[in-house]
Amino acid sequence: MIEIIATAESIDQAKLLLTAGVDTLYIGEETFGLRLPASFSREEQKAIINFAHEAGKQVIVAVNGIMHPEKMKLIPEYLEFLKEAAPDKLMVGDPGVIFTLQQQKVEIPFIYDGETMVTSSRQINFWAKKGASGAVLAREVPFEEMTAMSENLQVPVEVLVYGASCIHQSKRPLLQNYYNYTQLGEDKSKERGLFLSEPKKEETHYSIYEDSHGTHIFADNDINMINELDKLYQYGYKTWKLDGIYAPGENFVEVAKLFVEAKAAIETGSWSEEQAQVWSKQIQVLHPENRGLDTGFFHLDPNEIK
């Protein structure tokens, strides 16, 4: 059965996404979760979990930051809160958090999110043996390698099918260091809309921002895999992530509706290439004008990746 996971930027958008047919909401607070469209208060997290459950849907809470000592000190208290709030799953990337989960007997399933390190079935199955109920596949894995991996996977694997893809994170405050050097006083947040361009390649557009986890840099184009969903389904990749960090508002909800339609078409056997092309064109219209779309590493020859 296909699961569509979508980030949420507000309580109102979360409700609209559930109405649109999304199966699972992805939320959290900035202190512990990476690259969230919004940081929700404890009260808001509880409210979202409650109304999602009332609608028969699920919630994943992101606890996938790399927790340096000052944040690890806060983890036990946050996990106690999550015990009470009772989301359906946690997204975790730091082995220290996994250890603390088990030490505190937090009976919430966790999904392993090791970012770019999750590139093989061996890696995924290792964490499955450590208790993970699923894993997030690195965005850099081409489809040719995914087909080979699919035969050996022991747990469901999440694939990004729409949205921005992070290509680099540094714990260092790279933007602040640059501003200190240049004596500029610019805003470092995601809302500022900063981006990098390669020398002599003015068309490149790598979005960048800084928060308490460090500096985050995103791929030139966002992902749109709606034309490839039948291939993912065929090889058992049925956990699809929609990331709205750079695709805000009602348009993101409308994009989610298209993926819900695609899911229904695949599950009922009515999928067609022609309809997928129609959906893809609709997504192009709904997607932010200043951001491109492509399929990332999906069609690359693994031998070409350095």
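Remember, it's a predicted structure, so these values are computed and weren't measured experimentally. (Residues numbered from 1 in each chain as written. Predicted model: local features only at pLDDT ≥ 70, side-chain atom pairs only at ≥ 80, totals over all residues. Heavy atoms only, no water.)

Caption draft 1: Highlighting the pairing of strand 2 (residues 24–27). Along strand 2, one buried face is formed by Thr24 and Tyr26 and the opposite face, lined by Leu25 and Ile27, is buried too. Each parallel crossover has a hand, and for strand 1 (residues 3–7) linked through helix 1 (residues 11–20) to strand 2 it is right-handed. Pairing of strand 2 with strand 3 (residues 58–63), which is carried by four bridges, proceeds in the parallel orientation. Residue pairing across strands places Thr24 opposite Gln58, the latter belonging to strand 3. (Buried < 20%, exposed > 50% of the residue type's maximum accessible area, 1.4 Å probe, protein only. Helix = DSSP H or I, 4+ residues; strand = E, 2+ residues; numbered from the N terminus. Right-handed = clockwise from strand over helix to strand, strands pointing away. Pairing = 2+ DSSP bridges.)

Caption draft 2: Spotlight on the packing of aromatic side chains. Throughout the structure, instances matching the rule amount to 11 aromatic pairs. With a centroid separation of 5.8 Å and an interplanar angle of 20 degrees, the aromatic rings of Tyr78 and Phe81 are classed as stacked. Placement of the pair is Tyr78 and Phe81 together in helix 4 (residues 75–85), with a separation of three residues, close to one helical turn. Each member of the pair, Tyr78 as well as Phe81, carries the same accessibility label: buried. (Phe/Tyr/Trp six-rings, centres within 6.5 Å; stacked < 30°, edge-to-face > 60°.)

Caption draft 3: Focus on unusual backbone geometry. Of note, the phi angle at Ala86 is positive, near 60 degrees, even though the residue is not glycine. Tracing the chain through its elements places Ala86 in the loop between helix 4 and strand 4 (89–92). On the accessibility criterion, Ala86 (35% relative accessible area) is partly exposed. In this structure, Lys105 takes a positive phi of about 55 degrees despite not being glycine.

Caption draft 4: The pattern of salt bridges, seen in detail. Counted under the stated rule, the structure contains 12 salt bridges. Residue Lys263 is joined to Asp23 by a salt bridge in which the shortest nitrogen-to-oxygen separation is 2.9 Å. Of this pair, Lys263 sits in helix 10 (residues 249–267) while Asp23 sits in the loop between helix 1 and strand 2, and the two are 240 residues apart along the sequence. Here Asp23 falls in the buried class, since its relative accessible area comes to 16%. (Salt bridge = Lys/Arg side-chain N within 4 Å of Asp/Glu carboxyl O.)

On their own, these measurements won't tell you what the molecule is for.
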